[in-house]
Amino acid sequence: MSVQPRAWPEVPEQTAVVARAAFPKGTLAMRVRDELPELFADEQFASAFGVRGRPGIPAGWLALVTVLQFAEDLTDRQAADAVRARIDWKYALGLELTDPGFDHTVLTGFRQRLVEHGLEEKVLDLLLARCVQLGLVKSRGRQRSDSTHVLAAVRSANRLDFLAETLRAALEALAAAAPDWLAGLIDAGWVRRYGARMDSYRLPHGRAERTAAAGRVGVEGFRLSEAVHASDAPMWLREIPAVTVLRTVWITQYHRTITHDGEEVSWREEKDLPPSRARLCSPYDTDARYGTKRGSGWEGYKIHLTETCDDIAVTGLPHLITNVVTTDATVTDVEVLEDIHADLDRRGLVPGEHVVDAGYTSADLMVGARREHGITLLGPLRVDNSTQTRTGDGYGRAAFTIDWDRRQVLCPQGVRSTIWSECSERGRDSVVVAFPVTACRPCPVRPQCTRSTRSGRQLMLRARDVHEAVEQARTEQATDEWKQRYAIRAGVEGTVHQAVAATGVRRCRCVGLPKTRLAHVFAATALNLIRLDAWWNGTSPGQRSTSHLARLDLAA
């Protein structure tokens, strides 16, 4: 299928008349057509389509339909039905009232092409570029970010269920690809144990029974893997994705010992398992990982949303989402911040001040954001967690006076350090400072300063620019002025709620990180259109509904 670049058609007169009569105030789809004409041009997606072959549906149409689909949280089939039956969608696409539309599978193929050709960010880039032209969003303002968890489109399973289902998935794939080869390897017992999904069976409850069942699954999994990798087996069997997943899972989940008496297979204890980032949690979504946050765990991904947050009363501009990042569930917020700034720089929307929570802040990021992008990172730094600071009556790092030029540190009792050694700690430039043991041992406040009995007090300092930035930030965040500036961060919680309620980003529509990332970009673009529609309508954002009972109480 090829897409020949073409201009968007004018809205047919009959379609326009009927749409205006049916929706006098307009709808989101109609307003997008009127306010942002030809938002998605076919030329922007040309690299994902061929130049030869039967002409297909314009890529710009499919992009707009997909964005509207996410704005109303519709399935592919519902979106295709909307193109075929809804007047406002026909108005947005410039179609005749009798246009039959297209099959819903076209939307699946369109998204797949975007992923394969690296065009996941295109729709958000085009919308933000148009908003920049219209003066609706500007750089060097204030922006804020936050993240939330995303559940993978797979069933959550316990460990034994997961292992058995992984083996069953490999058997299913081999039964479809090489039935004759597999029939010579297994017997009727395998079919009885793995012929149906694992949730169709009642798994054993006792610890001993579960351990025995896990051992049997492990032995049979190793047997199948060895048969696939045997010299007389077809080489292409090893490349089947489900077989590769089986081998990966068995390496991370089982111990196998081979002796003269046979083999012993046992699953790993919890403390012996690799970290979550290196461990699969489903045989059907190999990108999903198990993550935890504030005591809650989930299997899937995380989405990070960034939006403008300047005072609407002052700027007169709506709050728009400027960036979206999707990672697996194990990636921490602090690891994503540099990617967010790089994406904003690519779009020409670097903020002057970026408001984030404690999960995104670190000393290095505060210094790096200002040095590389001129961004003031506004967020609480973690307090000094040394033993002296936690006790409340000890001498923490802040009690020492640092003379960077003379490369010395003065302790609260007036003793100067004798050792100043520059080193590298975990790839970061640091300084080790030590005080003489002859001065620390007889010191009257030694119990409040150090617990060492063989050496004097030691300090680990960061590089000068990082250390001074940390001390300044910790001093400022204790003031009322800083707290008032930081209060604006709370508004991003409403954005997360809107994303979950309006577009359903909390649950994946598809499997795999690339497709999930694409879906989140479309969701962010849809949220921007929803907000622009409210702004064009003069609807004040953040309005709270008041119940009849509350209004009665106010009237009383």
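Computed from a predicted model, the values in this text were never measured in an experiment.

Engineer: Please give an account of the overall build of the protein that cites residues and values.
Structural biologist: Along its length, the protein carries 23 helices and 13 strands. A total of 556 residues make up the protein; the buried ones form 46% of that total. Considering only contacts in the protein between residues 6 or more positions apart, those separated by 24 or more positions represent 70%. Approximately 28,500 Å² of the protein is accessible, and the part contributed by carbon and sulfur atoms is 51%. Of the side chains in the protein, 72 bear a positive and 70 a negative charge, and the two mean positions are spaced by 4 Å.

Engineer: Can you break down the packing of aromatic side chains residue by residue, with the values?
Structural biologist: Summed over all chains, the structure comprises nine aromatic pairs. With a centroid separation of 6.2 Å and an interplanar angle of 70 degrees, the aromatic rings of Phe-222 and Tyr-254 are classed as edge-to-face. Placement of Phe-222 in helix α11 (residues 207-228) and of Tyr-254 in strand β2 (residues 254-259) is noted, with a sequence separation of 32 residues between them. Residue Tyr-254 is classed as buried on the basis of its relative accessible area, which comes to 3%. Across the ring face of Phe-70, the terminal group of Arg-509 is positioned such that the distance to the ring centre comes to 4.2 Å.

Engineer: Could you give me a rundown of the side chain of Ser-417, with the residues and numbers involved?
Structural biologist: Note on placement: Ser-417 falls in the loop between β10 (408-410) and β11 (419-425). Excluding residues that lie within four positions of it along the chain, Ser-417 makes contacts with Gln-408, Val-409, Val-433, Ala-434 and Phe-435.

Engineer: Quick one: what's the story with empty space enclosed by the protein, residue by residue and with numbers?
Structural biologist: Applying the stated criterion across every chain, the model contains three cavities of 30 Å³ or more. Lining the largest cavity are 14 residues, with Cys-411, Gln-413, Cys-440, Cys-443 and Cys-449 sitting closest to its centre. For the lining of the largest cavity, the secondary structure elements donating two or more residues are α17 (437-440) and α18 (446-449). For the lining of the largest cavity, the residue count by class is ten nonpolar, two polar and two charged. Quantified by volume, the second largest cavity comes out at close to 80 Å³. Taken together, Phe-70, Val-150, Thr-503, Gly-504, Val-505, Arg-507, Cys-508, Arg-509, Thr-516, Ala-519, His-520 and Ala-523 form the lining of the second largest cavity. Element by element, the count of residues in the lining of the second largest cavity is highest for helix α22 (residues 513-537), at four residues. Class assignment for the residues of the lining of the second largest cavity results in six nonpolar, four polar and two charged.

Engineer: Now, about the pattern of salt bridges: what can you tell me, with residues and values included?
Structural biologist: Taken as a whole and judged by the stated rule, the model has 30 salt bridges. Arg-268 is paired through a salt bridge with Asp-272; the nearest N and O atoms lie 3.5 Å apart. The closest approach of N and O atoms between Arg-462 and Asp-364, which form a salt bridge, is 2.7 Å. Note that Arg-462 is positioned in strand β13 (residues 458-462) and Asp-364 in helix α15 (residues 363-373), a separation of 98 residues in sequence. A relative accessible area of 32% places Asp-364 in the partly exposed class. Via salt bridges that share partners, Glu-121, Asp-125, Arg-346 and Arg-347 belong to a single interconnected network.

About the thresholds
Residues numbered from 1 in each chain as written. Predicted model: local features only at pLDDT ≥ 70, side-chain atom pairs only at ≥ 80, totals over all residues. Heavy atoms only, no water. Helix = DSSP H or I, 4+ residues; strand = E, 2+ residues; numbered from the N terminus. Buried < 20%, exposed > 50% of the residue type's maximum accessible area, 1.4 Å probe, protein only. Contact = heavy atoms within 4.5 Å. Areas by Shrake-Rupley, 256 points an atom, 1.4 Å probe, with all protein chains shown as cover. Lys, Arg positive; Asp, Glu negative; His and termini not counted. Charge placed at Lys NZ, Arg CZ, Asp CG, Glu CD. Phe/Tyr/Trp six-rings, centres within 6.5 Å; stacked < 30°, edge-to-face > 60°. Lys NZ or Arg CZ within 6 Å of the ring centre and 35° of its normal. 1 Å grid on protein atoms, 1.4 Å probe; cavity = no way out; pocket = protein on both sides within 12 Å on 5 of 7 lines; lining within 4 Å. Points joined across faces, edges and corners; volume = space filled by probe spheres on them. Nonpolar A, V, L, I, M, F, W, Y, C, P; charged D, E, K, R; others polar. Salt bridge = Lys/Arg side-chain N within 4 Å of Asp/Glu carboxyl O.

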